[in-house]
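# Residue-level structure breakdown
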Amino acid sequence: MDQTKDVMYQWLILKRRIEGIFIFPFALLGRLIARFKPLPEEYDLFLFFPFYHVGGAEKVHSEIAQLFPEKKVIIFFTKKSMNDAMLPKFTGSNITIRNISTYTDNKYLYFNNLIWRGITAAYISRQRNAPVVFNGQCNFAYKLSPHLPEGIRQVELIHSFCSFSYIRIPFIPFYTTTVMISRDSIAEHIKLYKAYKIPKSYAEKIQLVMNGIPLPPMETTLLQSASLQPGETSLQSASMQPGETPLQSAPAASLQPTQAAHGEAMPRMLYVGRGTAEKRPHLVARIAQQANTIAGFMGAVEDAIPTELRPYCHFYGEQTDAATIDAIYREHQVIVITSSREGFPMVIMEAMARGLAVLATDVGDIPYHVKNGENGFLLDHTKKEKDLVSLAADLLEIWQSDPSLLQTIARNNIAYAQEHFGMRAFAEAYRKLLL
């Protein structure tokens with residue numbers, strides 16, 4: 001097995017070159033098509049993203065796209081999105097959007113994908129001033145990279161250690177910089193490089209750029225957090241009338257938290273994200289079941305929750321409106337992450353910025369930011385699911401029995417987010433990389 005890994009990098013490079021011979025006629029046809037149907041104007045930045053549906057990666061991609069108002073930007077979406085909820089976030093007066101997924105995401109007409117490699121390569125190479133190409137974990141962009149001239153600077157973004165960590169291996173030589181969002185992801189990739197005998201020089205091109213979020217005003221958040229009484233929601237404390245719903249697109253849950261012997265309510269839990277296997281949202285529902293309370297879920301996640309657990313859940317659905325998302329966060333006191341793997345979830349940043357405590361598995365870069373007792377608790381992701389659920393329910397009871405702990409954590413997390421999660425460093429890093 002080790003001997004196989006020793007030659008894997010060389011084999012993948014050879015495989016890419018052999019495939020290139022068969023792809024060449026299709027790519028050449030694409031270049032000819034682009035000659036007769038060129039882009040109508042010049043662009044400084046070519047951005048390649050797979051999707052524009054709701055998701056953490058898509059939110060990051062949209063924020064990157066908005067960082068260059070003085071430049072002409074063109075975005076290519078290459079995979080069929082589940083919805084267009086995030087699409088408006090990518091738009092701008094300086095931004096052109098081309099959705100080519102009809103051609104590049106059709107396995108029955110895969111030759112179109114090959115042709116479009118030639119089309120986009122010609123678009124890029126025919127610009128009068130060499131543009132910068134940015135790949136936001138996009139399979140098509142990796143396959144495109146060998147077709148671009150050497151003078152074109154290519155930058156890639158990897159959100160976590162995943163299947164793309166292997167897909168990208170034969171295309172690593174074409175990238176001048178590799179951006180990763182977490183220390184854990186960098187460590188995992190360097191380990192992979194060593195196992196596959198990938199030249200050390202490529203590991204030296206990896207750069208850490210943490211995601212950033214628009215931070216709510218610290219003073220307002222502290223006041224709302226301090227004035228929130230156990231069992232009361234921030235929306236109720238903001239002078240809502242009985243029976244009035246603050247979230248027109250996501251009605252506030254009629255929650256009935258359990259009460260401790262001395263009358264304190266169970267802290268309100270919130271899950272934010274997709275319903276994919278590695279996220280394990282069903283565990284959040286099981287925690288709510290064991291704690292005899294209701295958990296809020298924001299995202300397309302309902303289908304991932306077993307029917308018998310849904311009475312312990314309130315589903316807000318997918319949300320893109322900033323005010324609605326902010327209001328939902330403030331309805332809760334604890335953000336729960338049960339993933340088996342992560343980079344560093346943006347939802348933790350957003351939740352901490354609003355004073356929520358963190359109850360999360362110890363994956364990715366989460367342990368760098370969450371310290372037991374100070375701003376939340378970490379759960380051992382290697383534990384059996386039933387043990388993880390029991391521990392999480394026990395920790396909720398600790399906070400239930402002493403609400404002052406949550407108030408202290410709220411202050412700690414708001415201050416920590418203000419110091420570490422703002423957009424300034426994020427924006428400066430990407431502008432430096434792509435300009």
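Going by the structure above, here's the rest.
The model shown is predicted, which means the values in this text are computed figures rather than measured ones. Note on numbering: residues in each chain are counted from 1, in written sequence order. Side-chain atom pairs in this predicted model are given and counted only at pLDDT of 80 or more, local residue features only at pLDDT of at least 70, and totals for whole chains, interfaces and linings cover all residues. Processing note: side-chain calculations cover all non-hydrogen atoms of the structure and skip hydrogens and water entirely.

### A closer look at the packing of aromatic side chains
Between 30 and 60 degrees the pair is tilted, below 30 it is stacked and above 60 it is edge-to-face, where a pair is any two Phe, Tyr or Trp rings, Trp via its six-membered ring, whose centres lie within 6.5 Å. All chains considered together, the criterion is met by 22 aromatic pairs. When the ring of Phe 49 is compared with that of Phe 77, the centres are 6.4 Å apart and the planes differ by 45°; the resulting orientation is tilted. Taken as a pair, Phe 49 in strand S1 (residues 45–49) and Phe 77 in strand S2 (residues 73–77) lie far apart in primary sequence, 28 residues in all. Phe 77 carries the same exposure label as Phe 49, and that label is buried. Among the aromatic residues, ring-to-ring pairing joins Phe 49, Tyr 52, Phe 77, Phe 90, Phe 134, Phe 426 and Tyr 430 into one connected group. Think of it as a cone above the ring: NZ of Lys or CZ of Arg counts as a charge over the ring if it is within 6 Å of the ring centre and within 35 degrees of the ring normal. In this structure, Arg 183 packs its charged tip against the face of Tyr 368, placed 4.7 Å from the ring centre. Helix and strand definitions follow DSSP, with helices as H or I runs of at least four residues and strands as E runs of at least two, each counted in order from the N terminus. Burial classification: accessible surface area is computed with a 1.4 Å probe over protein chains only, and a residue below 20% of its type maximum counts as buried, one above 50% as exposed, and the rest as partly exposed.

### A word on the sheet that holds strand S12 (residues 357–361)
The strands making up a sheet are joined through hydrogen bonds of the backbone, oriented either antiparallel or parallel. DSSP-based pairing: two strands are paired if at least 2 bridges between them are found. The parallel open sheet is built from six strands, whose spatial order is S10-S9-S8-S11-S12-S13. Strands at the two margins of the open sheet, each flanked by one partner only, are strand S10 (313–317) and strand S13 (376–379). Neighbour-to-neighbour, the strand axes of the sheet open up by a mean angle of 20°, direction not taken into account. Of the strand pairs in this sheet, S12 and S13 are connected by four bridges, and their pairing is parallel. With axes taken as lines fitted to C-alpha atoms, and helix axes fitted only over the stretch in contact, angles between N-to-C directions fall between 0 and 180 degrees.

### Digging into the pairing of S1
Counting buried positions along S1 gives five out of five residues, so the element sits mostly inside the fold. Side-chain alternation along S1 places Leu 45, Leu 47 and Phe 49 on one buried face and Phe 46 and Phe 48 on a second face that is also buried. Taking the sense of rotation as the criterion, the β-α-β connection linking S1, helix H2 (residues 56–65) and S2 turns out right-handed. The sheet contact formed by S1 and strand S4 (residues 132–136) spans four bridges and is parallel. Looking at S4, one finds that Leu 45 is bridged to Val 132. Note on handedness: a crossover is taken as right-handed if, strands pointing away from the viewer, the path from the first strand over the helix to the second is clockwise.

### Some words on helix H17 (residues 403–420)
Relative to the 26 Å expected for 18 residues at 1.5 Å per residue, H17 spans 26 Å between its end C-alpha atoms, a close match to the ideal helical length. Within the span of H17, buried status applies to Pro 403, Leu 406, Ile 409, Ala 410, Asn 413, Ile 414 and Ala 417. Looking straight down H17, one finds its buried side chains confined to an arc of 135°; they lie on one side. One less than the residue count of a helix, multiplied by 1.5 Å, gives the span that helix is expected to have. The directions from the helix axis to the C-beta atoms form the arc being described.

### Looking at the side chain of Gln 137
Its location among the elements puts Gln 137 in the loop between S4 and helix H6 (139–144). A relative accessible area of 13% means that Gln 137 is categorised as buried. A polar side-chain atom of Gln 137 sits 2.6 Å from the main-chain amide nitrogen of His 159. Residues in contact with Gln 137, not counting those within four places in the same chain, are Pro 50, Leu 157, Ile 158, His 159, Ser 160, Cys 162 and Phe 164. Counted as a polar contact is a pair of N or O atoms within 3.5 Å, where, for protein atoms, one must be capable of donating a hydrogen and the other of accepting one, and residues adjacent in sequence contribute only when both atoms are in side chains. Two residues form a contact once any of their heavy atoms are found within 4.5 Å.

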